[in-house]
Amino acid sequence: MRNLPALGGLAAVVVLAGCTSAPRPQATPAPSPSPSPRTESVFFVEPDAPAVGQVAAWEAGGRGADAAALRRIAAAAAAVWFADGYPGFQDRARRLVEAAAAHGRTAVLVPYYVPGRDCGGHSSGGAPDAGAYRAWIAELAGVVRGHPVVVVLEPDAVPHAIDDCLVGGAGVEERLTLLREAIRTFKQDPGVRVYLDAGNPGWIKDVDRVAETLERAGVREADGFSLNVANFETTEANIAYGTRISDRIGGMPFVIDTSRNGNGPAPVDKADADGHWCNPPGRALGPAPTTDTGVPRVDAFLWVKRPGESDGACGPGAPPAGQWWPEYALGLATN
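Residues numbered from 1 in each chain as written. Predicted model: local features only at pLDDT ≥ 70, side-chain atom pairs only at ≥ 80, totals over all residues. Heavy atoms only, no water.

(A) Highlighting the overall build of the chain. In terms of regular secondary structure, the chain is built from nine helices and seven strands. Among the 335 residues that make up the chain, the fraction classed as buried is 54%. If you take every contact in the chain between residues at least 6 apart in sequence, the share linking residues at least 24 apart comes to 78%. Element-wise, carbon and sulfur atoms account for 54% of the exposed surface of the chain, whose accessible area totals about 12900 Å². (Helix = DSSP H or I, 4+ residues; strand = E, 2+ residues; numbered from the N terminus. Buried < 20%, exposed > 50% of the residue type's maximum accessible area, 1.4 Å probe, protein only. Contact = heavy atoms within 4.5 Å. Areas by Shrake-Rupley, 256 points an atom, 1.4 Å probe, with all protein chains shown as cover.)

Right under this line is the structure:
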């Protein structure tokens, strides 16, 4: 199994039990662009994450049982998203990687700013044009250079290049070109590990198309690909799906977002298309972040989507995408 770079004194960050699948036979792997000595869980837990403040507020307000449940989220390492170009994102990234390094941990970053992201959905937006995106990526990569970092690059960007979400072939080609360039920019530092997002098992069923598009987007220059970001598909389904993709790209490894997949996906409701993926009720935390996955090609289980942050304003009381929603977080922690 390929794992993440050793960062010294590494204790496992385990906040709840999670099941993994039995190991699958491993094909001859492609060489990893980065060194990969074995580690356990090495990921950085932000001391000022929203769940941490919520625990304190609930304890002060007499909600002790709820606070105790929410500690399952507050004590776990989750990715930090960079999704806009507002002044100050560079300083925020610098503080993050320096704090992680000071604790001997690895920060997980999610660049989510590609032009036309989400194609007009709840998280629509991104950089105004290709030039602005290139400059933004260069700044972000420059800030994290010299620090052990995991980058989960542009959730949904590759699947949207397949599912006709982008307008015209020119839009697809620009998207794939920007992803290739972003990988190369981050990989100027061999200590930065990059996983290009590939969607989830419930989205693009044709793994040949996924593998082909990943190749066109430069995945061979990355360290692997990511699955299930902000989704709810089971760990087992992601392992099977990811292994089929990996078979087609030389055995490359992958990471899985297990932050909210403990109960698997919600039932599909044709009357409410959003309800399957956008803040569905009854979901639960999944396996804790770790590099000790027990599956040869799975480099890590990560909490990429922060449990408790909204998927979008898609139901009663739901805040806009990315905003902290404490009661939904509580549901994830207690289901």
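(B) Structural detail: the environment of Cys119. Following the sequence through the fold, Cys119 ends up in the loop between strand E2 (107-111) and helix H4 (130-144). In this structure the C-alpha to C-alpha distance between Cys119 and Asp156, which are 37 residues apart in sequence, comes to 10.0 Å. Residues within four places of Cys119 in sequence aside, it is in contact with His160, Cys165 and Leu166.

(C) Summary view of the nonpolar core. In terms of nonpolar packing, the biggest core is built from 60 residues, with Tyr133, Leu153, Phe186, Leu214 and Ile245 touching the most fellow members. Look past the residues within four positions of Tyr133 in its chain and what remains in contact with it is Tyr113, Val114, Pro115, Ala127, Leu153, Glu154, Leu178 and Ala182. Membership of the second largest hydrophobic core comes to 20 residues, among which are Val55, Trp58, Ala74 and Trp303. (Core = buried A, V, L, I, M, F, W, Y, C linked by side-chain atoms within 4.5 Å.)

(D) Molecular detail of the pairing of E2. Counting buried positions along E2 yields five of five residues, so the element is predominantly enclosed. Going residue by residue along E2, you find Ala107, Leu109 and Pro111 tucked away on one face and Val108 and Val110 tucked away on the opposite face as well. Traced from strand E1 (residues 80-82) through helix H3 (residues 89-102) to E2, the parallel crossover comes out right-handed. Two elements, E2 and strand E3 (residues 149-153), share three bridges in a ladder whose sense is parallel. Bridging from a neighbouring strand, Ala107 pairs with Val149 of E3. (Right-handed = clockwise from strand over helix to strand, strands pointing away. Pairing = 2+ DSSP bridges.)

(E) Structural view of the packing of helix H7 (residues 207-216) against helix H8 (residues 235-248). Their axes nearest at 9 Å, the elements H7 and H8 cross at an angle of 55 degrees. With respect to H8, the element H7 is oriented oblique. Our pair here, H7 against H8, has a crossing hand that is right-handed. Between H7 and H8, the contacting residues are Val207, Asp208, Val210, Ala211, Leu214 and Glu215 on the first element and Tyr241, Arg244, Ile245 and Arg248 on the second. (Axes fitted to C-alpha atoms, helices over the stretch in contact; angles between N-to-C directions. Parallel < 35°, antiparallel > 145°, perpendicular 65-115°, else oblique. Left-handed = near helix turned anticlockwise from the far one by under 90°.)

(F) Looking closely at H4. In a regular helix each residue adds 1.5 Å, so 15 residues correspond to 21 Å; H4 covers 21 Å between its end C-alpha atoms and thus fits that length. The backbone nitrogen of Gly131 has a side-chain oxygen 3.2 Å away, supplied by the residue at the start of H4, namely Asp129. Of the residues flanking the end of H4, it is Gly146, one or two places downstream, whose phi is positive at about 95 degrees. (Expected span 1.5 Å × (residues − 1). Polar contact = N/O pair within 3.5 Å; in protein donor to acceptor, adjacent residues only side chain to side chain.)

(G) Local environment of the packing of aromatic side chains. Per the counting criterion, the structure on display carries six aromatic pairs. Ring centres of Tyr133 and Trp136 lie 6.1 Å apart, and the angle between their planes is 25 degrees; on these two criteria the pair is classed as stacked. One end of the pair, Tyr133, and the other, Trp136, are both in helix H4, three residues apart, so they sit about a helical turn from each other. Summarising the burial analysis for this pair, Tyr133 and Trp136 share the class buried. Between Phe225 and Phe254, the ring centres sit 5.1 Å apart and the planes meet at 15 degrees, which makes this aromatic pair stacked. With Phe225 in strand E5 (residues 224-227) and Phe254 in strand E6 (residues 254-257), the pair connects residues that are 29 residues apart, well separated along the chain. Judged by relative accessible area, Phe225 falls into the buried class, the value being 0%. (Phe/Tyr/Trp six-rings, centres within 6.5 Å; stacked < 30°, edge-to-face > 60°.)

(H) Expanded view of the packing of helix H1 (residues 50-60) against helix H2 (residues 64-74). One can describe the packing of H1 onto H2 by two numbers: an axis separation of 8 Å at closest approach and a directional angle of 170 degrees. With respect to their mutual orientation, H1 and H2 come out roughly antiparallel. Handedness of the crossing formed by H1 with H2: left-handed. Across from Ala51, Val52, Gln54, Val55, Trp58 and Glu59 in H1, the residues of H2 making contact are Gly64, Asp66, Ala67, Leu70, Arg71, Ile73 and Ala74. Class assignment for the residues of the contact of H1 with H2 results in eight nonpolar, two polar and three charged. (Nonpolar A, V, L, I, M, F, W, Y, C, P; charged D, E, K, R; others polar.)

(I) Main features of the sheet that holds E6. The seven strands lie next to each other as E1-E2-E3-E4-E5-E6-E7, forming an open sheet whose pairing is parallel. In the strand order of this sheet, the two ends are held by E1 and strand E7 (298-302), each with one partner. On average, each strand axis in the sheet is tilted by 25 degrees relative to the strand beside it, whichever way the strands run. Sitting on the sheet, H3 touches E1, E2 and E3, and the angle it makes with E1 is about 155 degrees.

(J) Looking closely at the pattern of salt bridges. Using the criterion set out here, one finds 17 salt bridges in the structure. Asp208 is the salt-bridge partner of Arg248, the closest N and O atoms lying 2.5 Å from each other. With Arg248 in helix H8 and Asp208 in helix H7, this pair connects stretches of sequence that are 40 residues apart. (Salt bridge = Lys/Arg side-chain N within 4 Å of Asp/Glu carboxyl O.)

(K) Layout of the state of the cysteines. All chains considered together, the criterion is met by two disulfides. The disulfide that involves Cys119 links it to Cys165, with 1.8 Å between the sulfurs. With Cys119 in the loop between E2 and H4 and Cys165 in the loop between helix H5 (157-162) and helix H6 (168-186), the pair connects residues that are 46 residues apart, well separated along the chain. Assessed through its relative accessible area of 28%, Cys119 is described here as partly exposed. For Cys278, the disulfide goes to Cys314, at an S-S distance of 1.9 Å. Linking Cys278 and Cys314, the disulfide has an S-S dihedral of approximately -90 degrees and is accordingly described as left-handed. Pair noted here: Cys278 is in the loop between E6 and E7 and Cys314 is in the loop between E7 and helix H9 (326-334), with a separation of 36 residues, a long-range link. For the chain, numbering the cysteines in disulfides from first to last along the sequence yields the connectivity 1-2, 3-4. (Disulfide = S-S within 2.5 Å.)

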